Amino acid sequence: MIRAAAGKLSGALMAIFGASVFAFIFMRVFPGNPARLIVGPLASNEAIVQQEKTMGLDKPLWVQYWRYIKGIFTGDWGFAYSAGETVKHEIVARLPASAELGLYAFLFAFVLAVILALAATYRHRPWVDGTIRGVSFLGLGTPPFWFGLIVLLLFSQVWGIFPGPDGRLGPNTTPPPTYTHFYTIDAVAAGQWGTAWDALRHLMLPAITLGLAPFAFLVRLLRANLLDVSRENFIVVVRSKGLGRWPAFSHHALPNAFLPTLTASGLLLAQLISGSVLVEKVFNWPGIGALIVDSILRQDFAVVQTFVLLSAVAYVAVNFAVDVLYGVIDPRVRIPVAR
Amino acid sequence: MEAPVGRAEGWGGDPLVRARRGAGRAFVFLARDRALGIAVTALALLVCLGLLGPLFWPNDPLGIDVGSSLLPPSSAHPMGTDSVGRDVFARFNEGARISLTVGSVVVIVGALFGGVIGIVAGATGGWLDGLLMRTMDAILAFPPLILAMAVTVGLGSGLRTAGLGIMLTTIPYYARLLRSEVLRIRSLPFIEAAHALGARRMRIMARHIVPHVVSTLLIQAAAVFGYAILTLAALGFVGLGARVPTPEWGTMITDGLQFFLTGQWWIGVFPGLGVLIAVTAASVIADRARDILDPRGRYAHV
């Protein structure tokens, strides 16, 4: 068990090392000249050389790589000159907004996916199944940023049910006292129900937009797993022992159908990270995704660079954790390891 | 953004039996399989608009006419006009051409690179296999869109670099799949038989293994096509795709961004609809292609 985990850990570390080399190559070696971007197009050659010196760009590549890696681990992520702050400050300040949005998006995707996957497989009704499959295909094919614009147009502009794209809270609401930095939770903890309601209303449309792709993906996966599991012998056995259809589904089929879904959590995280880049800008959500888009537009690549590597580390870490967890939860995976 | 993985499950019906009766029955096949029929029709329509659009709709996709800006859809402008009076329908057609072209190029080049890497890794083994697969793992360590973004930032934004970035993220999916497929086929008895008959390694590779992995490669390529179009639009949306006047669908949605909330919805809605139709149709077709072609799928026994 431990040896298998160690093997997976070394694989994960190798992947992160390779990823950092890739990120370094594409960010440091290929682009024109980051020093020129910082000092501006009108600066003299001396100013550029000076800037290169302070950034260490005159050093050999392997020295630059070492500084880059050391910087990543010590939290020295560079300076976001478009914001006039360090990259670390920017990312840390914006993380809670993205995390809260991601959490609600995931909850939406997961709950709806479980309900629809059950509806698709619970009884044999081809039209229900067909409709749900069609919806999942459409969900995976929809550009999330475009979907966000459509729901804004309909629910905010035309029908006025939800607020427009003004961030996490309305202009007249003050943020709740901070414990967790999640506005909905903080507001409830402080007993400010009005603020909590406002925060929730502002979360609704972005969360649905961000959750659309994970939802479509989860429905497909859960539906296929549920179909597989419900054909297993043990389901036939519990049914023939007189257990009703619903208990057989909810107690026996569903938990087993969730297991393969766990392996997809890495993919779900990747979807949420990429989705936040595409969705937050549309809703003026003050998170990391919007920061990335703004940094790209202003050619402030120090931010993008850090984000790219951090998301790779998060992605690999989740996949590694899932790999190890899976062996703990599902005994069948452990057997080849024990040999 | 979903990673470009082929679909695992099957649809109802028994399409292979019908498919085996010959290509002449393709139309009957499409007519009976409603979802596939709709998907193929939709994609064919987009291809027609992209290729033949300029012939029957000669408006210039770049022609600025400030006098007729922000007009709603009408018979003169079926999709309206944008903020500088360009015809959205003409731009939509041009966008279809760009997206489908980039999607095809990404799929073909990526399949070639990924296919060769996978086959070489599977066939040679040893340190080369290890090196190639660790490189693939490094690429897979990124969420796909984020890596495509990084590559495009590094190489300078534009359609070509965006396509290159997307292509790079798809290579590992082909390579890993084909490597495992080559390893599986290598262990089958008929390869042993060919070896016993005195066939050289190169001949066994070229005549016995490669033909057997083509269908796997095709299935994966079909799954990647939709991903490529969606990612291109996403890169265009964040400002990393086509340069400003170029009517790429993603950049067209960005153009329409500020007009969405002032009522001129048509500028952004139609290009998004184009992406939606192209990607959904492509993934339905990929799904069916898998059912029909997958050697390990549920039709392997037929």
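For every chain, the first residue of the written sequence is number 1, and numbering continues from 1 onward in sequence order. Labels follow written order: the first chain is A, the first ligand is 1, and so on. Whole-chain, interface and lining totals are the exception, using all residues; otherwise, since this is a predicted model, local features are given only for residues with pLDDT of at least 70 and side-chain atom pairs are given and counted only at 80 or more.

This part is about the overall build of chain B. Each helix is a run of H or I in the DSSP string that is no shorter than four residues. Each strand is a run of E no shorter than two, and both are numbered from the N terminus. Along its length, chain B carries 11 helices and 0 strands. In chain B, the succession of helices and strands from N to C terminus is α-α-α-α-α-α-α-α-α-α-α. Buried residues are those with 20 or more other C-beta atoms within 10 Å of their own C-beta, exposed residues have 12 or fewer, and partly exposed residues lie in between; C-beta atoms are placed from the backbone. Across the 302 residues that make up chain B, the buried fraction comes to 51%. A pair of residues counts as a contact when their C-beta atoms, built from backbone coordinates, are within 7 Å of each other. Taking contacts inside chain B between residues at least 6 apart in sequence as the whole, the part at least 24 apart equals 70%.

With that settled, the discussion passes to the overall build of chain A. Across its full length, chain A carries 15 helices and 2 strands. Considered along the principal axes of its C-alpha atoms, chain A spans approximately 85 × 60 × 40 Å. Every one of the 339 residues in chain A was classed for burial, and the buried ones make up 38%. Within chain A, counting contacts between residues at least 6 apart in sequence, those at least 24 apart form 69% of the total.

Residue and element names in this part refer to chain A. Domain limits in this description derive from either an automatic procedure or a database domain assignment. Segmentation of chain A into domains returns domain 1 (2-86) and domain 2 (91-301 + 320-334). Of note, the centres of domain 1 and domain 2, computed from C-alpha atoms alone, are 33 Å apart. Among the secondary structure elements, those contributing two or more residues to the side of domain 1 that touches domain 2 are helix H1 (2-29) and helix H2 (34-39). Tallying contributions element by element places H1 first for the side of domain 1 that touches domain 2, with 6 residues. In the scheme used here, Gly and all other residues not listed as nonpolar or charged are polar, with Ala, Val, Leu, Ile, Met, Phe, Trp, Tyr, Cys and Pro taken as nonpolar and Asp, Glu, Lys and Arg as charged. Partitioned by chemical class, the residues of the side of domain 1 that touches domain 2 number 10 nonpolar, 1 polar and 1 charged.

Another point: unusual backbone geometry. Note on backbone geometry: most residues besides glycine have negative phi, and most peptide bonds are trans. Positive phi is not limited to glycine here, since Asn284 of chain A has a value of about 50°. As for its placement among the helices and strands, Asn284 of chain A is situated in the loop between helix H12 (265-279) and helix H13 (288-297).

Attention now goes to the interface of chain B and chain A. At the junction of the two partners, chain B supplies 40 residues and chain A supplies 46 residues. The dominant element in the side of chain B that touches chain A, judged by the number of residues it contributes, is helix H11 (residues 266-293) of chain B, at 8 residues. Along the lines of polarity and charge, the residues of the side of chain B that touches chain A split into 28 nonpolar, 8 polar and 4 charged.

Generally speaking, soluble globular proteins have nonpolar side chains that are buried together. Any set of buried Ala, Val, Leu, Ile, Met, Phe, Trp, Tyr and Cys residues joined through C-beta atoms within 7 Å is what this text calls a nonpolar core. By size, the foremost hydrophobic cluster in this structure holds 169 residues, and its most contacted members are Ala19 of chain A together with Ala141, Ala150, Ala228, Ile229 and Ile285 of chain B. Two domains each put at least three residues into this core: domain 1 (2-86) and domain 2 (91-301 + 320-334) of chain A. Apart from residues lying up to four places away in sequence, Ala19 of chain A is in contact with Leu309 and Ala312 of chain A together with Ala138, Ala141 and Phe142 of chain B.

Moving on, we get to the environment of Pro172 of chain B. Residues and elements named next belong to chain B. Following the sequence through the fold, Pro172 ends up in helix H7 (residues 159-186). Residue class for Pro172 comes out buried when judged on the 25 C-beta atoms lying within 10 Å of it. Remark: the alpha-carbon pair of Pro172 and Leu235, spanning 63 residues in sequence, is separated by 20 Å. In this structure, Pro172 is in contact with Met136, Ile139 and Leu140, ignoring residues within four places of it in sequence.

As a further point, take the packing of H13 of chain A against helix H14 (residues 301-329) of chain A. Residues and elements named next belong to chain A. Only the contacting stretch of a helix is used when fitting its axis, a line to C-alpha atoms as for every element, and angles between N-to-C directions run 0 to 180 degrees. In contact at an axis separation of 8 Å, H13 and H14 are set at 135° when each is read in the N-to-C sense. Considered as vectors, H13 and H14 are oriented oblique to each other. H13 and H14 meet at a crossing whose hand is left-handed. Residues Ile288, Leu291, Ile292, Ser295 and Ile296 of H13 lie in contact with H14, whose contacting residues are Val303, Val304 and Phe307. By definition in this entry, angles of less than 35 degrees are roughly parallel, angles greater than 145 are roughly antiparallel, angles of 65 to 115 are roughly perpendicular, and the rest are oblique. Note on convention: the crossing is left-handed when the near helix lies turned anticlockwise from the far helix by less than a right angle, right-handed when the turn is clockwise.

Moving on: the environment of Ser230 of chain A. Residue and element names in this part refer to chain A. Mapped onto the elements of the fold, Ser230 is located in helix H9 (residues 193-230). Spatially, the C-alpha atom of Ser230 lies 8.9 Å from that of Ala248, the residues being 18 residues apart in sequence. Non-local contacts of Ser230, meaning those with residues more than four positions away in its chain, are made with Thr121, Ile235 and Ala253.

Right, let's talk about the confidence of the model for chain B for a bit. All names here are of chain B. Note on scores: pLDDT gives the predictor's confidence for each residue, bounded by 0 and 100. For chain B, the average pLDDT comes to 82, and 86% of its residues sit at 70 or higher. For chain B, helix H1 (residues 15-19) is the element with the lowest average pLDDT, namely 48, and H7 is the one with the highest, namely 92. Contacts from residues 298-302, a stretch scored under 50 in pLDDT, to residues over four places away or in other chains number 6 contacts. Model confidence for the complex is summarised by a pTM of 0.85, with the ipTM given as 0.85.

Glancing now at the environment of Asn59 of chain B. Residue and element names in this part refer to chain B. Inspection of the secondary structure puts Asn59 in the loop between helix H3 (34-56) and helix H4 (88-124). Distance in space between the C-alpha atoms of Asn59 and Ile285 is 32 Å, their sequence separation being 226 residues. Apart from the residues lying within four places of it in its own chain, the contact partners of Asn59 are Asp87 and Ala90.

Because each turn of an α-helix spans 3.6 residues, side chains separated by three or four positions in sequence point in the same direction. Residue and element names in this part refer to chain B. In this analysis, the expected span of each helix is defined as 1.5 Å times one less than the number of residues it contains. Look at H7: 40 Å from first C-alpha to last across 28 residues, which is about the 40 Å you get at 1.5 Å a residue. Along H7, the sharpest kink reaches roughly 25°, centred on Thr170 and followed within four residues by the proline Pro172. Burial runs high along H7: 22 of the 28 residues are buried. Here the bend at a residue is taken as the angle between two axes, fitted respectively to the seven residues that end there and the seven that start there.

Let us look at H12 of chain A. Over its 15 residues, H12 of chain A runs 20 Å from end to end, which matches the ideal 21 Å to within 8%, given 1.5 Å per residue. Of all the 15 residues making up H12 of chain A, 14 are buried; the element is thus mostly covered by neighbouring parts of the structure.

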